[in-house]
Amino acid sequence: MKLGIVGLPNVGKSTLFNSLTKAGAESANYPFCTIDPNVGIVTVPDFRLGLLADMYNSRKVTPAVIEFVDIAGLVKGASKGEGLGNQFLANIREVDAIVHVVRCFEDSNIIHVDGSIDPLRDIETINLELIFSDLEILERRIAKTSKGAINDKSLAHEVEILKNIQAHLENGELAITYSAADEDEAEFIRSLNLLTAKPVIYAANVTEDDLADDGASNEGVCAVKKYAAEQGSEVFVICAQIEQEISELDDDEKKMFLEDLGLEESGLDKLIKASYRLLGLISYLTAGETETRAWTIKKGTKAPQAAGKIHSDFERGFIRAEVVNYQALLDAGSYAAAKEKGIVGLEGKDYVVKDGDVILFRFNV
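Residues numbered from 1 in each chain as written. Predicted model: local features only at pLDDT ≥ 70, side-chain atom pairs only at ≥ 80, totals over all residues. Heavy atoms only, no water.

1. Looking at the packing of aromatic side chains
Following the criterion strictly, the structure yields five aromatic pairs and no others. Geometrically, the ring pair formed by Tyr284 and Phe361 is edge-to-face, given 5.9 Å between the ring centres and 85° between the ring planes. Note that Tyr284 is positioned in strand β8 (residues 281–286) and Phe361 in strand β12 (residues 357–363), a separation of 77 residues in sequence. What makes Tyr284 buried here is its relative accessible area of 0%. (Phe/Tyr/Trp six-rings, centres within 6.5 Å; stacked < 30°, edge-to-face > 60°. Helix = DSSP H or I, 4+ residues; strand = E, 2+ residues; numbered from the N terminus. Buried < 20%, exposed > 50% of the residue type's maximum accessible area, 1.4 Å probe, protein only.)

Below you can see the structure in the form of structure tokens.
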């Protein structure tokens, strides 16, 4: 999974990236500090892996990972080259979802590019730049496709779709709210990699004081939550500065620190849960002496396609899947005991994989 972090300058975007990835992206109190997109890999915490690894005496444990891409702070006119320009928008065309950091705190020591705190205005500024960038892509695609559409009905249909989306964006709407006529049209739209077609997770950045009640008393946070609900987006409340402090601690210290703040989970935990919900993702597990590993797939994925995440040969030569729920496996004490109890299912090509399934694939190529 790949997430792109965007936001205006000085909203806490690079501070959040630093804390999430410990990659040390430069963070300073002036715009355009992040000159190149910073990329960091974060492992997805999963307590199930450790428990299974202990059972199997696994030599290696491999969790699922998320790749974060930190983009330079955008400003009005970024799509036309203002600030550091449109080059950075290209860096997030390949991400699965966008994490939009929104500043919901006052601090006279940290300048705001627009001179005041207004989360919804900031969201609109970023959205407009994403729309303008997408319109550029559409204009070029329409010009190119129109040349061959005169004698090709399928290309003519593509041009029609492109112009419909173009009109939708010109009306100030995001591509994600455009209703495709059918699955073929939806697939074509996905292939365009439009920025405004990507799911969004809003990170409402607050002070430490607003963390305890999850920003309920912060007007800016409430406005962002309302807006996100209307858009079908996810939102989570975070204090980027606190997250940076947490990132320097070991696991035991981190737990104590969170407890002292009255928090049950870190911002990274919130973000991971939000991204899995938004993208409809789950994890299945494989376990053995060599390795215990988590594999991230879409909800609704059938066994052969899940096997293909490991290797294409597994999908091509799929015979069956031996499946047991991780908790049932732990309760049984061993895989052999689970088989004796009859709780290991033999599943075929139509089996829909569930979160927490421990799977052994049988294949032949």
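Now that the structure has been shown, the text picks up again.
2. As for the side chain of Glu234
The residue Glu234 is located in strand β7 (residues 234–238) in this model. Within the local environment of Glu234, its side chain forms a polar contact with the side chain of Arg277, the two groups lying 2.9 Å apart. Those residues in contact with Glu234 that lie beyond four places of it in its chain are Val200, Ile201, Tyr202, Ala228, Ala274, Arg277 and Leu278. (Polar contact = N/O pair within 3.5 Å; in protein donor to acceptor, adjacent residues only side chain to side chain. Contact = heavy atoms within 4.5 Å.)

3. A few points about a negative patch on the surface
The grouping of Asp250, Asp251, Asp252 and Glu253 at the surface amounts to a negative patch. With respect to the helices and strands, the residue Glu253 is situated in helix α9 (residues 251–260). Among the residues examined, Glu253 registers a relative accessible area of 40% and is labelled partly exposed. (Patch = residues over 30% accessible without salt bridge, like charges linked within 9 Å, V, L, I, M, F, W, Y side chains within 5 Å. Areas by Shrake-Rupley, 256 points an atom, 1.4 Å probe, with all protein chains shown as cover. Salt bridge = Lys/Arg side-chain N within 4 Å of Asp/Glu carboxyl O. Lys, Arg positive; Asp, Glu negative; His and termini not counted. Charge placed at Lys NZ, Arg CZ, Asp CG, Glu CD.)

4. Quick look at the environment of Asp350
Here Asp350 is to be found in the loop between β11 (345–347) and β12. Residue Asp350 is classed as exposed on the basis of its relative accessible area, which comes to 62%. Note: C-alpha distance between Asp350 and Pro304 (46 residues apart in sequence) is 8.3 Å.

5. So, the nonpolar core
Ranked by internal contacts, the top residues of the largest apolar core, which has 68 residues, are Phe68, Tyr202 and Leu329. Looking at which element gives the most residues to this core, the answer is helix α10 (residues 267–279), with seven residues. Apart from the residues lying within four places of it in its own chain, the contact partners of Leu329 are Leu52, Met55, Tyr56, Val324, Ser334, Tyr335, Ala338 and Val358. Grouped together as the second largest cluster of nonpolar side chains are 17 residues, Leu135, Ile142, Ile161 and Leu194 included. (Core = buried A, V, L, I, M, F, W, Y, C linked by side-chain atoms within 4.5 Å.)

6. Considering the pattern of salt bridges
A full pass over the atoms with the stated rule returns 20 salt bridges. In this structure, Glu322 engages Lys339 in a salt bridge whose closest nitrogen and oxygen atoms are separated by 3.8 Å. Here Glu322, found in strand β10 (residues 318–325), pairs with Lys339, found in helix α14 (residues 335–340); they are 17 residues apart in sequence, far enough to count as distant. Owing to a relative accessible area of 2%, Glu322 belongs among the buried residues under this scheme.

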